[in-house]
Amino acid sequence: MVRDGLIIFNSVHKVMSAEKYLKSCGVNAKVMPVPRQLSSDCGLALVFPLAELEVTRTVLDEPEYSEHSLYALKDGGEYTLLS
């Protein structure tokens, strides 16, 4: 079962900016360290409820946030790349 979404950007600035933007759109996004199974230049990621994926994808379509990796977190800690 899929429970959360995870977004990885290439900079801390983008993580913080995207968190603020997503929250202003009603998405319950939170900053967290990038899981060990995944890699990132900045070491931070955003986690959000997968039920809010549609709104999140709309935000990620903005040019400022176009460079990202989007994952689904399944029960058991397994990540699946969505984009």
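Please read these numbers as outputs of a predicted model, since none were measured by experiment.

So what's going on with the overall build of the protein? Which residues, and what values?
In terms of regular secondary structure, the protein is built from two helices and five strands. Its C-alpha atoms give the protein a radius of gyration of 11 Å, near enough to 12 Å, the size a compact globule of 83 residues would have. Classification of the 83 residues of the protein by burial places 39% in the buried group. In the protein, once contacts between residues fewer than 6 apart in sequence are set aside, the share between residues at least 24 apart is 62%. Carbon and sulfur atoms form 51% of the exposed surface of the protein, whose accessible area is close to 4,800 Å². The centroid of the 8 positive side-chain charges in the protein is displaced by 6 Å from the centroid of its 11 negative side-chain charges.

Which residues make up the packing of aromatic side chains, and what values do they have?
According to the stated counting rule, one finds three aromatic pairs in the structure shown. Considering the side-chain rings of Phe 9 and Tyr 65, the 6.1 Å spacing of their centres and the 65° angle between planes classify their relative orientation as edge-to-face. Placement of the pair is Phe 9 in the loop between β1 (2–8) and α1 (12–24) and Tyr 65 in the loop between α2 (53–60) and β4 (69–74), with a sequence separation of 56 residues. Classification of Phe 9 by relative accessible area gives buried; the value is 2%. Taken together, a centroid distance of 5.9 Å and an interplanar angle of 45° make the contact between Tyr 21 and Tyr 65 tilted. Remark: Tyr 65 occurs in the loop between α2 and β4 and Tyr 21 occurs in helix α1; sequence separation between them is 44 residues. Overall, Tyr 21 belongs to the partly exposed group, its relative accessible area being 29%. Residue Tyr 65 is classed as buried on the basis of its relative accessible area of 3%. The structure contains a cluster of three or more aromatic residues connected by ring pairs, namely Phe 9, Tyr 21 and Tyr 65.

Go over the confidence of the model for the protein, please, and point to the residues and values.
Per-residue confidence for the protein gives a mean pLDDT of 90; residues scoring 70 or more make up 98%. Ranking the elements of the protein by mean pLDDT puts β1 last with 85 and α1 first with 96.

Tell me about the pairing of strand β5 (residues 78–81), and please be specific about residues and values.
The pairing of β4 with β5 spans four bridges and is classified as antiparallel. Bridging across to β5, Ala 72 finds its partner in Thr 80. Between β4 and the antiparallel strand that follows it, β5, lie three residues; Gly 76 among them carries a positive phi value of about 95°.

What counts, and at which threshold
Residues numbered from 1 in each chain as written. Predicted model: local features only at pLDDT ≥ 70, side-chain atom pairs only at ≥ 80, totals over all residues. Heavy atoms only, no water. Helix = DSSP H or I, 4+ residues; strand = E, 2+ residues; numbered from the N terminus. Rg over C-alpha atoms; globule rule 2.2 N^0.38 Å. Buried < 20%, exposed > 50% of the residue type's maximum accessible area, 1.4 Å probe, protein only. Contact = heavy atoms within 4.5 Å. Areas by Shrake-Rupley, 256 points an atom, 1.4 Å probe, with all protein chains shown as cover. Lys, Arg positive; Asp, Glu negative; His and termini not counted. Charge placed at Lys NZ, Arg CZ, Asp CG, Glu CD. Phe/Tyr/Trp six-rings, centres within 6.5 Å; stacked < 30°, edge-to-face > 60°. pLDDT = per-residue confidence, 0-100. Pairing = 2+ DSSP bridges.

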